[in-house]
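What the coordinates show
Chain by chain, the residues:
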Amino acid sequence: MINHANEVSKLIKQRRKDLNLSQTELSGMIGFSTKQGQFVSNIERGRCQFPIKFINKLANALEVSNETVIELMAQDYKNAIIKEVSNAPELSNQATNQL
């Protein structure tokens, strides 16, 4: 299984718990059907990525800035790229040094 969003996942889970929200409640606040609580669970476990178009709603629901969410998403993408490149030895040193 690929972990898509480690830092964003941690933020979502921690802030949701801090705010005493269930996964179903957070799902509804973001704009998903309350029947999609499983979606939040999957994000928290890194099984899928959080859709970029919902960053504003996520930040508002978690009471954090958009910039916080964006920075963590960028870090997750950077980490995923480094991990992928490290699996391709011919690109590993060159690409990692440039990141």
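Two quantities define a packed helix pair, namely the angle between the axes and the distance from one axis to the other. Closest axis-to-axis distance for the helix α2 (residues 23–30)/helix α4 (residues 55–62) pair is 8 Å, and the angle between their directions is 130°. Regarding the angle of α2 to α4, the classification is oblique. Regarding α2 and α4, the two cross each other, and that crossing is right-handed. Residues L26, M29 and I30 of α2 touch α4, and the partners they reach there are K57, L58, A61 and L62. Residue classes in the contact of α2 with α4 are distributed as six nonpolar, no polar and one charged.

What follows is about the pattern of salt bridges. Side-chain pairs of opposite charge can arise where the charged atoms are in close proximity. In total, this model carries four salt bridges according to the counting rule given. R15 serves as the salt-bridge partner of E63, at 3.9 Å between the closest nitrogen and oxygen. Of the two residues, E63 is situated in the loop between α4 and α5 (66–86) and R15 in helix α1 (residues 6–18); the sequence distance between them amounts to 48 residues. Each member of the salt-bridge network shares a partner with another, and the members are R15, D18 and E63.

Calculation notes
Residues numbered from 1 in each chain as written. Predicted model: local features only at pLDDT ≥ 70, side-chain atom pairs only at ≥ 80, totals over all residues. Heavy atoms only, no water. Axes fitted to C-alpha atoms, helices over the stretch in contact; angles between N-to-C directions. Helix = DSSP H or I, 4+ residues; strand = E, 2+ residues; numbered from the N terminus. Parallel < 35°, antiparallel > 145°, perpendicular 65-115°, else oblique. Left-handed = near helix turned anticlockwise from the far one by under 90°. Contact = heavy atoms within 4.5 Å. Nonpolar A, V, L, I, M, F, W, Y, C, P; charged D, E, K, R; others polar. Salt bridge = Lys/Arg side-chain N within 4 Å of Asp/Glu carboxyl O.

From the geometry alone we can't say anything about function, so treat these as descriptive.
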